[in-house]
Amino acid sequence: MSNDQTAAALVREVARRRTFAIISHPDAGKTTLTEKLLLYGGAIEEAGSVRARKNQRRATSDYMSMEQSRGISINSTVLQFEYDGHCLNLLDTPGHQDFSEDTYRTLHAADCAVMVLDAAKGIEPQTRKLFHVCRNRGIPILGFINKMDQPSLDPFELLDQIEKELLIDVVAMNWPIGSGPDFQGVYDIPAQMVHSFERSSNARRAPSKVSGIDDPALGATIGTRAWDELKEAGELLGAVGAGFDRGRFLDGNLVPLYFGSAINNFGVEPFLRAVLEHAPAPTPKRTPGGMIEPANEEFTGFVFKIQANMDPRHRDRLAFLRVVSGKFEKDMELFHPRLGRKVRMTRPHRLFARDRETVEVAYPGDVLGFVNPGLFRIGDSVAESAEVRFDAIPRFNPEHFARLRPSRVDRRKQFEKGIHQLEEEGVVQLLFDTDGRRSEPILAVVGELQFDVLATRLRDEYNVETVLHRLPHKMVRWLSSEGKTPENLHYAGSSMLVEDLHGHRAIIFSDKWELDYLLKNSPGLHLSETQPES
Ligand code: G4P
């Protein structure tokens, strides 16, 4: 291929890609929607019915034994599928709040988010938290209001609640026809199409075009009562008057909303089409030297997740790399600025939950898995020629602290190896006493379940039983990386000085009072909520 043809092929591949993450409060229907999207994409043949999943504690996108035994989704998986000439990369995220840090990192690799809401519950705590992460990063969001087949809040009430609680403008892109037991379809507002289905068999009917909400053909399709209700809603919607503005959506200031029912496969395909139509193609990413455009021919990418033992059959660690620009080719030699040398990118994998296949090429927006013999850490950048470093992936500050030690002294070596590897994966953060008097590390986590994950994995993968001792601390503040730690700090209560693996110093506190006391009594002390970059 000539250079021009290569460049044109890259532009084409970028244009047809969509990389998005699904976020929700647990039980809103994220797994069900994911399965249905994959089904449309032909990526799976049968949606492992969610009921079967919950009974068997197995799903296409859940793989760890702890996930299986607790029925929660801990790790994010990456699923790639084709639909209508497009290539979609779906980044699944854990629903449980204790693993929101994992979600946070995954959102860093996504260009768009799909927010699934339960129509009976509207905004729930985890939706709120994840929404704010997207908002702070300016990630555009499409909303899917699920479970319309069950008794739900009034659609207008839902719109109002979302706007008020999230302080964001929303626009209904379709409107439910009936609700609960009478839910029979959606009216696609911009396209003036009716999508209806037969409740008795759950079969979809072919979408029918109407010439507007007043078209009598609509009445014939959905029945007089539903038609009257829809006309009434149409008048109210017209009075509200907000239209869809793609620019505002892409800036993260407007959320288009779609009603549907994932389990009945209802409204799912139009939603998938909306993702293709509205979600952005892979977006440029920031470096201190400027933005890197996806169509830039030089290959660049960054690691946003490290994971070990995704599959007991492969006892290894995978680094998940998001392609930012250029075309990836197997065995490429790339610069690794943190290590200050080139690395050969062998054995790239495309991941489909448990399964993986070797890939020869990849394009911006794609996610590759590399078997990681200790080469990568979360946030590492790689590039073909120049020393590109993408902006660091921000971390949530830990809120729970504990000391951990192996129950048997003769397992100390395996213990050390395990906790260091798991820290690199981002399972926990390790902090140490600065005076070196105690060798047991302090574990710092965002959600308490991370302690359980760590203990389970140390036991199952490193054969180390551990003893956990909770500490009263609840917050951490970082000292700036420049300058020395001020002397004569006046600590109150249990506050104490610690350092991370990279030598960054921090102070942990049990409450705000201890923090205020230290600041008041230690002139010249500057503390930051943000951990310095390593
Ligand atoms: P999550 O990943 O967000 O946690 O949610 P998941 O898809 O596992 O769905 C949570 C529950 O909601 C499941 O029921 C699922 O069947 C149900 N559900 C998902 N979409 C819809 C929908 O459109 N309509 C209705 N009525 N229910 C839906 P469960 O009780 O946990 O399991 P099961 O007893 O149904 O198997």
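See the structure above.
Conventions used here
- Residues numbered from 1 in each chain as written.
- Predicted model: local features only at pLDDT ≥ 70, side-chain atom pairs only at ≥ 80, totals over all residues.
- Heavy atoms only, no water.
- Helix = DSSP H or I, 4+ residues; strand = E, 2+ residues; numbered from the N terminus.
- Buried < 20%, exposed > 50% of the residue type's maximum accessible area, 1.4 Å probe, protein only.
- Contact = heavy atoms within 4.5 Å.
- Areas by Shrake-Rupley, 256 points an atom, 1.4 Å probe, with all protein chains shown as cover.
- Pairing = 2+ DSSP bridges.
- Axes fitted to C-alpha atoms, helices over the stretch in contact; angles between N-to-C directions.
- Parallel < 35°, antiparallel > 145°, perpendicular 65-115°, else oblique.
- Nonpolar A, V, L, I, M, F, W, Y, C, P; charged D, E, K, R; others polar.

A separate point is the overall build of the chain. Within the chain, the secondary structure is distributed over 14 helices and 32 strands. Evaluated residue by residue, the chain yields a buried proportion of 55% over its 534 residues. Once local pairs closer than 6 in sequence are excluded, the contacts in the chain between residues at least 24 apart make up 70%. Accessible surface for the chain amounts to roughly 23,100 Å². Of this, 47% is attributable to carbon and sulfur atoms.

The next thing to look at is the environment of H86. With respect to the element layout, H86 can be found in strand β3 (residues 86–92). Between the C-alpha atom of H86 and that of L276, which follows or precedes it by 190 residues, the distance is 7.4 Å. Not counting the four nearest positions on each side in its chain, H86 is found in contact with R16, R18, F81 and L276.

Time to look at the pairing of strand β2 (residues 78–83). With five of its six residues buried, β2 lies for the most part within the structure. Where β2 meets β3, six bridges bridge the pair, whose relative direction is antiparallel. Paired with Q80 across the strands is N89, a residue of β3. Between β2 and β3, which pair antiparallel and follow one another directly, the connecting turn spans two residues, one of which, D84, has a positive phi of 50°.

Further remarks concern the side chain of S495. In this structure, S495 sits in the loop between β29 (475–479) and β30 (496–500). Every residue in contact with S495, bar those within four places of it in the chain, is listed here: H473, I507, I508, F509 and E514.

With that settled, the discussion passes to the packing of helix α2 (residues 30–40) against helix α11 (residues 268–278). Interhelical geometry of α2 versus α11 gives an angle of 80° and a closest axis separation of 10 Å. Here α2 is positioned roughly perpendicular relative to α11, judged by the angle of their axes. Contacts between α2 and α11 involve L33, K36, L37 and Y40 from the first element and V268, E269, F271 and L272 from the second. For the contact of α2 with α11, the per-class residue count stands at six nonpolar, no polar and two charged.

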